Amino acid sequence: MNNPSLPADDLPPPNLDIKDSLMRLNLEESLAKCFFKACTQRQQALISTCQWYITTANAPTLVIECPDELTNWRVLKSLVKLGGVLKKLAKNAKIRVYPPGMGTPFEMRVDELSVYKYSP
């Protein structure tokens, strides 16, 4: 965002320095720890079978890389519950699930969880 009408102090820095990068890394690690602690034991066991992390590039995003098709299916079936946990940490967060082989990921925003809820 480059808005010349803002004072210089209110504009983002032109380049991130090492301190900014370290603060971002610390934020991502803290969010990941909080997310993992907020999950149930079953959810923790499921995501522990995958490579996963939280990034804050554009919006907080939980990235899950599944090792096999079965795990990918289990993660996708658990997205609403995982999204509910993530939504408590960041209302504008997203979840991105990569199938085995880093194919095309499935992505959803936590503010659209109600679309995915099954109601008989």
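Values in this document were obtained by computation on a predicted structure and should not be read as measured data. (Residues numbered from 1 in each chain as written. Predicted model: local features only at pLDDT ≥ 70, side-chain atom pairs only at ≥ 80, totals over all residues. Heavy atoms only, no water.)

A closer look at the overall build of the protein
Then step 1. Looking only at helices and strands, the protein has five helices and four strands in total.
Then step 2. Secondary structure elements of the protein occur, N-terminal to C-terminal, as α-α-β-β-α-α-β-β-α.
Then step 3. Split into buried and exposed, the 120 residues of the protein put 33% on the buried side.
Then step 4. Across the protein, the fraction of contacts at a sequence separation of at least 24, relative to all contacts at a separation of at least 6, is 51%. (Helix = DSSP H or I, 4+ residues; strand = E, 2+ residues; numbered from the N terminus. Buried < 20%, exposed > 50% of the residue type's maximum accessible area, 1.4 Å probe, protein only. Contact = heavy atoms within 4.5 Å.)

What about the packing of aromatic side chains?
Then step 1. This model, assessed by the stated rule, comprises two aromatic pairs.
Then step 2. Consider the rings of Phe36 and Trp52, whose centres lie 5.9 Å apart with planes at 15°: the pair is stacked. Remark: Trp52 occurs in strand 1 (residues 51-55) and Phe36 occurs in helix 1 (residues 18-38); sequence separation between them is 16 residues.
Then step 3. Taken together through their ring pairs, the aromatic side chains of Phe35, Phe36 and Trp52 make up a single cluster. (Phe/Tyr/Trp six-rings, centres within 6.5 Å; stacked < 30°, edge-to-face > 60°.)

Focus: the side chain of Thr56
Then step 1. Within the secondary structure, Thr56 is located in the loop between strand 1 and strand 2 (61-65).
Then step 2. Look at Thr56 and you get buried, because its relative accessible area is 18%.
Then step 3. Residues within four places of Thr56 in sequence aside, it is in contact with Arg24, Leu27, Glu28 and Leu31.

What about the pairing of strand 1?
Then step 1. Pairing geometry for strand 1 and strand 2, over five bridges, is antiparallel. The partner of Thr55 across the bridge, within strand 2, is Thr61.
Then step 2. Where strand 1 folds back onto strand 2 in an antiparallel hairpin, the turn is made up of five residues. (Pairing = 2+ DSSP bridges.)

Some details on the nonpolar core
Then step 1. Of all hydrophobic cores here, the largest spans 23 residues; its most connected members are Phe35, Ile64, Leu86 and Ile95.
Then step 2. Listed by contribution, the elements that provide at least two residues to this core are helix 1, helix 2 (41-48), strand 2, helix 4 (79-89) and strand 3 (94-98).
Then step 3. Looking at which element gives the most residues to this core, the answer is helix 4, with four residues.
Then step 4. Residue contacts for Leu86: discarding those within four places in its chain leaves Phe35, Ile54, Leu62, Ala93, Lys94, Ile95 and Val110. (Core = buried A, V, L, I, M, F, W, Y, C linked by side-chain atoms within 4.5 Å.)

What about a nonpolar patch on the surface?
Then step 1. A cluster of nonpolar side chains, Ile18, Leu22 and Leu25, forms an exposed patch at the surface whose accessible area comes to about 300 Å².
Then step 2. Along the chain, the position of Leu22 falls in helix 1. (Patch = residues over 30% accessible without salt bridge, like charges linked within 9 Å, V, L, I, M, F, W, Y side chains within 5 Å. Areas by Shrake-Rupley, 256 points an atom, 1.4 Å probe, with all protein chains shown as cover. Salt bridge = Lys/Arg side-chain N within 4 Å of Asp/Glu carboxyl O.)

Quick word on the confidence of the model for the protein
Then step 1. Counting all residues, the mean pLDDT for the protein is 86, and 84% of those residues have values of 70 or more.
Then step 2. No element of the protein has a lower mean pLDDT than helix 5 (residues 113-116), at 75, and none a higher one than helix 2, at 97. (pLDDT = per-residue confidence, 0-100.)

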